[in-house]
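Given next are the chains, with one letter for each unit.
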Amino acid sequence: MDSGDKRIEEELSHPIVLSERVRSAVDEAESFKNECAEVGKQVDRLAQMLRTSVRFATATPTLYERPIRRVVAEVSKNLERALTLVRKCKRQSALRRVMTITSVADFRKLFNLLDASVGDMKWLLTIFECNGGGIVLSLPPIVSNDPIIAWVWSSIASIQMGQLHDRIEGTNELTSLAADNERNKNIIVEEGGIPPLLKLLKEGPSPEAQIVAIKALYTLANDPNRVRTIVQEHGIPIIVQTLANSPMVVQTQAAGLVARMAMHDPLAQEDFARENVIRPLVTLLSFETFMDEVGRQSIHSIVQINRNLEKKTLVDKTVEYNPNASSQWKSNSLCYMEGGSRGGSCRKERENERPEIKLKLKISCGEALWMLAKGSVSNSRRICETKGLLCMAKMVEKEEGELQLNCLMCIMEITAAAESNADLRRAAFKTNSPAAKAVVDQMLRVINDLDNPTLQVPAIRSIGSLARTFPARATRVIGPLVVKLESRHVNVAAEAAISLGKFVCPENFLCMEHSRTVIELNGVPLVLKILGENEKTHMCGLILLCYLALHAGSSEVVDQARVLTALEGADRTMIALHPELKDLVGKAISHLNLYHAGMGVHSKGHLGLP
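Residues numbered from 1 in each chain as written. Predicted model: local features only at pLDDT ≥ 70, side-chain atom pairs only at ≥ 80, totals over all residues. Heavy atoms only, no water.

Taking an unreviewed UniProt entry as the reference, the chain is identified by name as ARM REPEAT PROTEIN INTERACTING WITH ABF2 isoform X1 belonging to Cucurbita moschata.

This is the structure:
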C-alpha cells in the first residue's frame, strides 16, 4: 500500500512500533552502553511526541496531513537507522564484531539525525497545539534549506484547521507567498493548498473569507496545470455557486476568477459552460440594462416564478434537514432566484449598491464572457442563446472604458466563431435579428465616431468576420472600412484591408458585387496608397488588390489606377517571405492582362511569375 493511501493513524503507528524496538535493543546492548542509553532517551522523547500526535490527529476533524506524512516518514527512517546501529552493540562472536565495526562517530551522526527528528516533531506539535491558529514562523529541520515549504505548511494548516480569523490570515499569507514567484505557486499546489481554499470559498462564512479565498485562487490560476488542479478538485461548481449566490463584491471577484481560469485553460472554458456559468454572468452584466422589461409578465415568466418557488422549497428543506447550514447561504440562494420571495428585495439591494461596485461587477462579467467565448464556438452559441449578444451591444453603446472594451472584445470573439461556423452564423446573425442589427450598428458607430484604435480594431475585425452575412449592396458597411484604409493608425488601416478582403475573397458568394462596391467608393487608390507604408499594410493591401483585380478587373477605375503596374512592381521580398502570395498575384496579373492586352504592358517576368 502506498503511504499516501494509509490512514494517518496507521502512518503514525509505524514509528511508534519502531521506537519500542529500539528501546528493547538498547536494553540488550553490550557495547557502547552510554551511547545506546542516549539513543534510548532521544527515542523515548520521539515516542512520546508521536503518541501525542496520534491523539491530536484523531481529535481533529479537518486535519492537514501533508506535513505530518513528510515528517513521520523522515522520523521512521531515522528510527530504522537507530535500530540498526543499536542492534550491532548486542553480544556477538569475535568474527561478527570484526565484520560489523561500530564507532563513536556513527553514534554522533545518529544523534544529529534524531535531534532533527525531535525538532521536526516539536514543530508539528506546535501546529497542532495552535489548532492551525496563526502562522508558525519557526522552521522544522526537515525543510531548513527551503523555508518557503514550512511557511506554506503553516499557512495551509491555518486555513484548514483554524478559526475564521486564522483562516483569513493564513489565506492572505498564502496569497502573499504566491505573488512572489512561480515556484512558490507550484509549492502551494503540490502541498495541497487548493482544497482548503475551495472549502473556505464554499462555506462562505463571511464575504471577507470568500474574497480572500478567491484572491488566493486567482493568484495561482495563471498556469494551465494549476488551473487543471482547481478543476480536478471540483472547484468549478463551487466558483459558479459563489458567482450566483454571493454579495456583489464577492461576485465581482468570482467573475474575475472565471475569466482568469478560462484565459489559461481551454478545458476550463468548457467545464464552466457545462456548469451553466454563462447565464448568471449575462444576468449580472445586464441587470440594469433591461430594467424597463421588469414587470412584464408572460406565460414563460409565470412558469419561471413557479420553478423558483419550487427551488425555495428545496432550500427550506435543505436548511431544515441540516441545521448547521449557513443562514447567509440560504439568504443568498433566495436572493439570486429571479421571481422568488426575495427577488424584489434582492433587486433593491443590487440597485442600492454604490455605482463603482456595480461597474466593477460588470467589468468582471464582461471579461469573463470574453474569455469564455475566445476560440469557442459552443460558448459563443450559449452567450447568444442567453441574449448576451444584445446585452453587450447595449454596453458598447452606453458605456466607456474597460467595460466597453471587454464587451467589444467578446463580440469580436463571437463573430469570429460565427465566421468559422455556418450554423452559428445563421442562428445568431440573421438579417432580421435585433441582436445582430444592434451589433452591426454599434460596430459601425465605433468605426465611424471613435478615434481610438484599441476600440476600432476589434470593431473592424467583427464586421469582417460577418462579411458573408451582408447583402449585395452593403455600402453602409463597406463604406466605413474603405475610409479607414487611410487611417493614420497602421493597425486600423491593416485591419480595414483584411476585413475588406473577406468581402471580396472568392469564398464570399457576393465577392463580385462587393468588389464593385469597393471600387465605386474609391477604394482602389487608397489600397494602392497603403502598399508603400509598411510591411503589414503592404501584405494586407496586396491581397485585397489582387481580389479586386480578379473580380472587377474590367473596371475603368482599375485601369486608370494602373493596378496592373502596381502588381507587377510588387516587392520581390514580400513574395519571398510569403510564397503563398505568388499564385494569387500571378492570377491577378493574368486576369488584368486578359482585359488590358492593348496597353502594351506584359511584364510577367518582374516577379518570375508564370
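The structure having been displayed, the exposition proceeds.
Colleague: Honestly, the packing of aromatic side chains in this entry has me stumped. Any pointers?
Modeller: Any pair of aromatic rings gets described here by the distance separating the centres and the angle formed by the planes. The full count for this structure, using the stated rule, is 4 aromatic pairs. Ring centres 5.4 Å apart and planes at 35° place the aromatic pair F32 and F107 in the tilted group. Of this pair, F32 sits in the loop between α1 (8-27) and α2 (33-59) while F107 is found in helix α5 (residues 104-129), placing the two residues 75 residues apart along the sequence. The interplanar angle of 15° and the centroid separation of 5.8 Å between the aromatic rings of F470 and F503 together place this pair among those described as stacked. (Phe/Tyr/Trp six-rings, centres within 6.5 Å; stacked < 30°, edge-to-face > 60°. Helix = DSSP H or I, 4+ residues; strand = E, 2+ residues; numbered from the N terminus.)

Colleague: Would you take a moment to explain the confidence of the model for the chain for this structure?
Modeller: One rule of thumb: low pLDDT means the predicted coordinates there are not for detailed reading. Of the residues in the chain, 81% reach a pLDDT of 70 or more, and the chain-wide mean stands at 82. Residue range residues 291-345 is modelled with pLDDT below 50. Its contacts to residues more than four positions away, or to other chains, number 45 contacts. (pLDDT = per-residue confidence, 0-100. Contact = heavy atoms within 4.5 Å.)

Colleague: I keep staring at the nonpolar core and nothing clicks. Help me out?
Modeller: Grouped burial of nonpolar side chains is what soluble globular proteins tend to show. Formed by 183 residues in total, the largest nonpolar core has its most connected members in V39, M261, F272, L281, I463 and L567. Here this core spans two domains, and each of domain 1 (1-90 + 102-130) and domain 2 (480-601) adds at least three residues to it. In this view, L281 contacts L243, A255, V258, C365, A368, L369 and L372; residues no more than four positions away in its chain are not counted. (Core = buried A, V, L, I, M, F, W, Y, C linked by side-chain atoms within 4.5 Å. Buried < 20%, exposed > 50% of the residue type's maximum accessible area, 1.4 Å probe, protein only. Domains from an automatic or database assignment.)

Colleague: Got a minute to help me understand the pattern of salt bridges in this structure?
Modeller: Pairs may arise between side chains of opposite charge once their charged atoms sit close together. A full pass over the atoms with the stated rule returns 24 salt bridges. In this structure, E11 and R69 form a salt bridge, with 3.2 Å as the shortest nitrogen-oxygen distance. Of the two residues, E11 is situated in helix α1 and R69 in helix α3 (residues 66-87); the sequence distance between them amounts to 58 residues. Assigned by exposure class, E11 and R69 land together as buried. The shortest N-O distance in the salt bridge between D27 and R23 comes to 3.5 Å. Taken together, the residues D27 and R23, both in helix α1 and 4 residues apart, mark about one turn of the helix. What makes R23 partly exposed here is its relative accessible area of 26%. Through salt bridges with shared partners, one network takes in R228, D265, D271 and R274. (Salt bridge = Lys/Arg side-chain N within 4 Å of Asp/Glu carboxyl O.)

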